[in-house]
Amino acid sequence: MTRLNSPEKLECARKDIVSRIDPTKPCISVCAGAGCLASGAAEVIAAFKTELDFHGLTTEVNTKGTGCPGFCERGPIVMIYPEGICYLKVKPEDVPEIVSHTIKEKKVVDRLLYEDPATGTRALRESDIPFYKNQQRNILSENIRLDSKSMDDYLAIGGYSALSKVLFQMTPEEVMGEIKKSNLRGRGGGGFPAWRKWEESRNAPDPIKYVIVNADEGDPGAFMDRALIEGNPHSILEGLIIGAYAVGAHEGFIYVRQEYPLAVENINLAIRQASERGFVGKDILGSGFDFTVKVHMGAGAFVCGESSALMTALEGRAGEPRPKYIHTAVKGVWDHPSVLNNVETWANVPQIINKGADWFTSFGTAGSTGTKIFSLVGKITNTGLVEVPMGVTLRDIITKVGGGIPGGKKFKAVQTGGPSGGCIPEAQLDLPVDFDELTKAGSMMGSGGMIVMDEDTCMVDIARYFIDFLKDESCGKCTPCREGIRQMLAVLTRITAGKGKEGDIELLEELAESMGAALCALGKSAPNPVLSTIRYFRDEYEAHIRDKKCPALSCKEMIAFHIDPAKCKACGSCFRQCPAEAIHGGKKLIHIIDQEKCTKCGTCLDVCPSRFGAVRKISGEPVPAPVPEDKRAIA
Amino acid sequence: MSEINLQIDGKEVVATEGMTILDAAKSVGISIPTLCHHEKLEPYGGCRICTVEVEVRGWPKLVAGCIYPVEKGLVVRTRTEKVDKIRKVLLEEMLAHAPDSEELKALAQEYGADRDRFEKHPSFCIHCGLCVRYCAEIKKKNAVGFVDRGSNREISFIPEIAAKECWDCKECFPLCPTSALQAAYVLAGALMTPPEEAHSGGCGCSCSCGSAPEKQAG
Amino acid sequence: MDISKIDQIIDKHDGEASSLIQILLDIQSEHNWLPKEALKRVSEKLQVPMSRIQHIATFYKAFSLVPKGRHQVHVCMGTACHVRGAQRVLDTVQEVTGVKSGETDSDLKFSVETVNCLGCCALGPVMEVDGKHHGNIAPSQIASVLNNCE
């Protein structure tokens, strides 16, 4: 590979790559993102290779593993080009049929297409599926077009043209101006305007400066950064180099969590490829601008997602946050000015440069411009990654894109912002999703996790879940966070165990207030899941404390399983499958659960045939006395 | 050094650049409580008992007095209702670990903190880090360090270093706000265990094993 | 333990103290744990005090100061998995392996750990065995997956 040492050479190389692509040649793209791989995408790709080989089609048909298009629920996803046919939930067994029907005979395999659950109509292309139709996929749409390990693919869709543009046609001030005009706000947490950090760093007198990608995506329930860095690593790298040029930095870091091995692999590969072609290293594209970048793997600590903790970790120390009375943009890694943005923020930069700030601000609201990727997960029909313009309502995301709540259940709340965020109830669903509105509602944007909860989710248990998460993930340096979380967890555990006391809600509020004195933003925001559930679901807390009842029938220590004697048909399902052998059964004998032995695993409820529906959960009331022996016989 | 004018509890104060709120307050006789602060050590900001309210562009904000640098026109309040409430809760939380610490008991009296409010976890350590930092920064021995994180965070001696350095030094003992109990207890535990075994289980810290003998303090 | 292997890892990172975490990650993946001798060597060669290494080795979840089992079972406890029944998955894994979360059995066969989000949230609940993800795992399927481990 020769280094490209001028913008002209880059365009030549691009033309060459594009000219070698035959748009009519069939191409089979299989999502090779982590989600689809977990559903068996690697086996599907292997099956395609074998099958194509068998038919002697290896040279006539391309196959590639691409980035994640987002519809993880229906993976593995297979796209057939040039027609753009979208097959879902493809298994290796389906591959021979796809090759013989679709590739050879140009016929569609109907059963693998998306089927509208309401109308039963099939959708041929991605754009016909409601999940995609209601999105604005400025960033994510590139994923499925790229072999995530091929730089040529990235160059073919215009990759590194933004870098070439800034290096040869724009001054750093002009780049800064464009980013400022776009009002790009950080997509990793608090929504701090990116240009402010950039400007502060640029203006700092220290000549050694750093730019950093925060890919330590630790919010449980969020995986958009994973999809971007795995699927389109060059776009992140290009954004970072542009940032470095604007700020005047010559060194960068990409901090990736080790729980994402594929992301680590793909970004390392991208850096190697970019170095070979001269996008990284000395005298980039012959511009005289130098930039090198190192990948640093996180070793498993949520707190390292906090910018100052991440910087401490980069220095090779335990990732404890530092007080930020002097911004990290001025005094960051080894006390040098350091600009840190998350993956999605950097991914937006090349697009803003290429298409302009005006294009970017045409999406979203005045205060929150552009699009935002959310990971829509939990109790929702279409789970996966969703990119929408800022300002869309939560209701639209949940119903139009997400397809509502499965199983005929009732929506209860949506949790945004991870452990720093909060739960938003039904009454607030028409809230436009942007940085400021979510904060007003007691939650926050965070990195974009959106966990949908239905009537079976207990909100006190959710609060307990987050505090339990933070108990192990707090760094433990400052008292309010370490001890506040410890005490909050004790209170919440007691409430969910049916031992709550009057005054516990007030105690939680008092502890929350004391956590305002914590050292870092993670500690200060740690009480949010508790405060937001108290704000919107106080009645659930009160039911637990006063009536010793879990309204969602979820808290294990407050519920009991009971077989309705009038409904039990003595089929023996629960009797045979109870792992605790807690069910007394027998032929034509009404089954009875021994409450002493019952471990409340819920197996009986799962296996009781729905036509009987004899098992139910109860809470806050005594378990009915078992049927007397002489009345147990079923006629 | 340029002069910086600020206001603390209604008093006009003239400070110099590089001073913290704590320094500036001290210079005019306003006392702010501290536990993890030490003149000779790098600022730490861990215990947060020195939390004060400042006004930044009209917005009230809670900051640690021992590390927050003085700024021109800064308005500081060291005893608001909110600050006092927070200090009270923090003290109650620390007293759950070290109920007999004289320093904590004195502060508890001042802020009306209830020593028995929270269930006791008598580990004695309140994580001020004075022993760890003193040993690293002043003695440069690094015989004691932190282990683990979150609510499992503890201090732990490195047995090999402690066996050589600690018995003739013990300078960290009197620094401990919980009356040296913690350092002595953990050090004794570390030295009772042969070095090989000290690292065989979990975090390698001997403080939570419960088998450490009761050694005399300091 | 082969100390020259440790030296190789240290040299690969140019013996820089700032690469301490990266070096420990490499040792962890080479040995499946961080043997004390290795840590002593790192401390000497990088001129980093043992107290700092001890803090790092216990602060980050990827490290272990005791040998891990041949098979690593990770149960995702992320929010999406939590609301879809991750606790029941964990309970079952603990029951099948006889190993509690955070522990390893005496034959060094299984190590069970909980993780706070593997980033496969759409497939929750998720269990990962030796790097392979099992999405939408039902408690009743767990025994058959784990029984395949030798």
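Residues numbered from 1 in each chain as written. Chains lettered and ligands numbered in written order. Predicted model: local features only at pLDDT ≥ 70, side-chain atom pairs only at ≥ 80, totals over all residues. Heavy atoms only, no water.

In the nomenclature of an unreviewed UniProt entry, chain C is known as NADH-quinone oxidoreductase subunit E of Geobacter hydrogenophilus. What UniProt records for chain C under Sequence similarities (unreviewed entry) is the sentence "Belongs to the complex I 24 kDa subunit family." (UniProt positions renumbered as here; feature names shortened; annotations may be inferred.)

Taking an unreviewed UniProt entry as the reference, chain B is identified by name as (2Fe-2S)-binding protein belonging to Geobacter hydrogenophilus.

Visitor: A description of the interface of chain A and chain B should follow, citing residues and the corresponding values.
Guide: Counting residues at the interface gives 30 residues for chain A, matched by 31 residues for chain B. At the boundary of chain A and chain B, one finds six salt bridges. For Glu510(A), the salt bridge goes to Lys88(B), with nearest N and O atoms at 3.9 Å. On inspection of chain A and its partner chain B, the count reaches 20 residue pairs in polar contact (both at pLDDT 80 or more). For the side of chain A that touches chain B, the secondary-structure elements that each account for two or more residues are helix H18 (459-473), helix H19 (479-496) and helix H20 (504-514) of chain A. Considering each element in turn, the side of chain A that touches chain B owes the most residues, seven residues, to H19(A). Within the side of chain A that touches chain B, the residues separate by chemical class into eleven nonpolar, eight polar and eleven charged. (Contact = heavy atoms within 4.5 Å. Salt bridge = Lys/Arg side-chain N within 4 Å of Asp/Glu carboxyl O. Polar contact = N/O pair within 3.5 Å; in protein donor to acceptor, adjacent residues only side chain to side chain. Helix = DSSP H or I, 4+ residues; strand = E, 2+ residues; numbered from the N terminus. Nonpolar A, V, L, I, M, F, W, Y, C, P; charged D, E, K, R; others polar.)

Visitor: Summarise the domain arrangement of chain C; cite the residues concerned and give the values.
Guide: Once the domains are mapped, chain C shows domain 1 (3-59) and domain 2 (71-147). Distance between the C-alpha centres of domain 1 of chain C and domain 2 of chain C: 29 Å. (Domains from an automatic or database assignment.)

Visitor: Describe empty space enclosed by the protein, and please don't skip the residues or the numbers.
Guide: Residues and elements named next belong to chain A. On inspection of all chains with the given rule, the structure shows eight cavities of 30 Å³ or more. Around the largest cavity, the lining comprises 15 residues; the ones closest to its centre are Val303, Ser474, Cys475, Cys481 and Cys520. Taken together, the elements giving at least two residues each to the lining of the largest cavity come down to H18 and helix H21 (521-525). When grouped by side-chain class, the residues that make up the lining of the largest cavity number ten nonpolar, three polar and two charged. In this structure, the lining of the largest cavity is formed jointly by two domains, domain 2 (159-361) and domain 4 (459-546), each of which donates at least three residues. (1 Å grid on protein atoms, 1.4 Å probe; cavity = no way out; pocket = protein on both sides within 12 Å on 5 of 7 lines; lining within 4 Å. Points joined across faces, edges and corners; volume = space filled by probe spheres on them.)

Visitor: Give me the confidence of the model for chain C: which residues, what numbers.
Guide: For residues with low pLDDT, the predicted coordinates do not support detailed interpretation. Predicted confidence across chain C gives a mean pLDDT of 91, with 100% of residues reaching 70 or more. Averaged pLDDT values for the elements of chain C fall to 85 in helix H5 (residues 79-83) of chain C and rise to 96 in helix H4 (residues 50-59) of chain C. (pLDDT = per-residue confidence, 0-100.)

Visitor: Tell me about H4(C), and name the residues and values.
Guide: The element H4(C) is extensively covered by neighbouring structure, given that nine of its ten residues are classed as buried. Buried within H4(C) we find Met50(C), Ser51(C), Ile53(C), Gln54(C), His55(C), Ile56(C), Ala57(C), Thr58(C) and Phe59(C). Those residues of H4(C) hidden inside the fold are in contact with strand E6 (144-147) and strand E7 (154-157) of chain B together with helix H2 (20-31) and helix H3 (36-46) of chain C. (Buried < 20%, exposed > 50% of the residue type's maximum accessible area, 1.4 Å probe, protein only.)

Visitor: Describe the pattern of salt bridges, with residues and values.
Guide: Applying the stated criterion across every chain, the model contains 64 salt bridges over all chains. Measuring nitrogen to oxygen at the nearest pair gives 4.0 Å for the salt bridge that ties Arg84(C) to Glu73(A). Within this pair, whereas Arg84(C) is found in the loop between H5 and helix H6 (86-97), its partner Glu73(A) is found in the loop between strand E2 (62-66) and strand E3 (78-81), the two belonging to separate chains. A salt bridge links Arg317(A) to Glu315(A), with the nearest nitrogen and oxygen atoms 2.4 Å apart. Arg317(A) gets classed as partly exposed once you look at its relative accessible area, which sits at 32%. By relative accessible area, Glu315(A) is classed as buried at 8%. Connected through salt bridges with shared partners, the residues Glu502(A), Glu506(A), Glu509(A), Arg538(A), Glu542(A) and Arg546(A) form a single ionic network.

Visitor: Outline the pairing of E3(A), supporting the account with residue identities and numerical values.
Guide: All names here are of chain A. Bridge count for strand E1 (residues 27-31) against E3 is four bridges, and the pairing is antiparallel. Within the sheet, the bridge partner assigned to Cys27 lies in E3 and is Tyr81. Taken together, the three bridges between E3 and strand E4 (residues 85-87) define a ladder with antiparallel strand orientation. Across the sheet, the residue bridging to Ile80 is Ile85, located in E4. (Pairing = 2+ DSSP bridges.)

Visitor: Describe in detail helix H11 (residues 233-247) of chain A, supporting the description with residues and values.
Guide: All names here are of chain A. Taking 1.5 Å per residue as the helical rise, H11 with its 15 residues ought to reach 21 Å, and the 21 Å between its terminal C-alpha atoms agrees with that figure. Within H11, 15 of the 15 residues are buried, leaving the element largely enclosed by the surrounding structure. Count one or two residues on from H11 and you reach Gly248, which has phi positive near 90°. (Expected span 1.5 Å × (residues − 1).)

Visitor: Just give me the short version of the confidence of the model for chain B, but keep the residues and values in it.
Guide: Residues and elements named next belong to chain B. Looking at chain B as a whole, its pLDDT mean stands at 84, while 82% of the residues score no less than 70. For chain B, per-element mean pLDDT is lowest for helix H7 (residues 195-198), which scores 46, and highest for helix H2 (residues 81-95), which scores 97. In the predicted structure, residues 195-218 sits below a pLDDT of 50 and forms 40 contacts with residues beyond four places in sequence or in another chain.

Visitor: Residues and numbers for the sheet that holds strand E13 (residues 411-416) of chain A, please.
Guide: Residues and elements named next belong to chain A. Here five strands make up an open sheet; going across it, the order is E12-E11-E15-E13-E14 and the pairing mixed. Each end of this open sheet is capped by a strand with a single partner; those strands are strand E12 (384-389) and strand E14 (422-425). Strand-to-strand twist of the sheet, defined as the mean angle between neighbouring strand axes without regard to direction, takes the value 30°. Strand direction decides the pairing type here: strand E11 (residues 371-378) and E12, joined by six bridges, are antiparallel. Bridge pairing in E12 places Lys372 opposite Val388. Contacts from helix H22 (residues 528-546) reach E13 and E14, with the element oriented near 30° to E14. (Axes fitted to C-alpha atoms, helices over the stretch in contact; angles between N-to-C directions.)

Visitor: Requested: an account of the state of the cysteines, with residues and values cited.
Guide: Counting across every chain of the model gives zero disulfides over all chains. With no disulfide of its own, Cys478(A) has Cys481(A) as its nearest cysteine by sulfur position, at a separation of 5.3 Å. Unpaired in terms of disulfides, Cys172(B) finds its nearest cysteine sulfur in Cys131(B), a separation of 5.6 Å. Relative accessible area serves as the criterion here: at 11%, Cys172(B) is assigned to the buried category. (Disulfide = S-S within 2.5 Å.)

Visitor: Break down the interface of chain C and chain A for me, citing the residues and quoting the values.
Guide: The interface of chain C with chain A comprises 34 residues on the first partner and 58 residues on the second. With both chains or domains summed, chain C and chain A bury close to 3300 Å², and 56% of this area falls on carbon and sulfur atoms. Taken as a group, Phe59(C), Thr79(C) and Val83(C) account for 17% of the area that chain C buries against chain A, more than any other trio of residues on that side. At the surface where chain C touches chain A, the tally comes to three salt bridges. With a shortest N-O distance of 3.4 Å, Asp91(C) and Lys556(A) are connected by a salt bridge. For the side of chain C that touches chain A, the per-class residue count stands at 18 nonpolar, nine polar and seven charged. (Buried area = accessible area lost by both parts, 1.4 Å probe.)

Visitor: Quick one: what's the story with the packing of helix H10 (residues 224-231) of chain A against helix H14 (residues 343-355) of chain A, residue by residue and with numbers?
Guide: Residues and elements named next belong to chain A. Look at H10 against H14: their axes get within 9 Å of each other, and the N-to-C directions meet at 50°. Taken together, the axes of H10 and H14 lie oblique to each other. Facing H10, whose interface residues are Met224, Asp225, Leu228 and Ile229, H14 presents Val343, Glu344 and Ala347. Taken together, the residues that form the contact of H10 with H14 break down as five nonpolar, no polar and two charged. (Parallel < 35°, antiparallel > 145°, perpendicular 65-115°, else oblique.)

Visitor: Help me get a handle on the sheet that holds strand E3 (residues 110-115) of chain C, residues and values and all.
Guide: Residues and elements named next belong to chain C. Read from one edge of the open sheet, five strands run E2-E3-E1-E4-E5, paired in mixed fashion. Looking at strand neighbours, the two that pair on one side only are strand E2 (103-104) and strand E5 (132-134), the edges of this open sheet. Pairing of E2 with E3 involves two bridges; the strand directions are antiparallel. By the bridge assignment for E3, Thr104 is matched with Ser111. In the packing of helix H7 (residues 139-147) onto the sheet, contacts are made with strand E1 (71-76), E3, strand E4 (127-129) and E5, and the angle to E4 comes to roughly 10°.

Visitor: Which residues make up the UniProt feature "binding site: [2Fe-2S] cluster" (unreviewed entry) in chain C, and what are the values?
Guide: Listed under "binding site: [2Fe-2S] cluster" (unreviewed entry) in the UniProt record, and renumbered for this structure, are Cys76(C), Cys81(C), Cys117(C) and Cys121(C). On the basis of their most widely separated C-alpha atoms, the annotated residues across 46 residues gather in one place, lying no more than 9.2 Å apart. Structurally, Cys76(C) is set in strand E1. Among the residues examined, Cys76(C) registers a relative accessible area of 3% and is labelled buried. When neighbours within four sequence positions are excluded, Cys76(C) is seen to be in contact with Cys81(C), Ala86(C), Val115(C), Cys117(C), Leu118(C) and Val126(C). Inspection of the secondary structure puts Cys121(C) in the loop between E3 and E4. By relative accessible area, Cys121(C) is classed as buried at 2%. The contact partners of Cys121(C), leaving out residues within four places of it in the chain, are Gly221(A), Ala222(A), Phe223(A), Val377(A) and Ala80(C).

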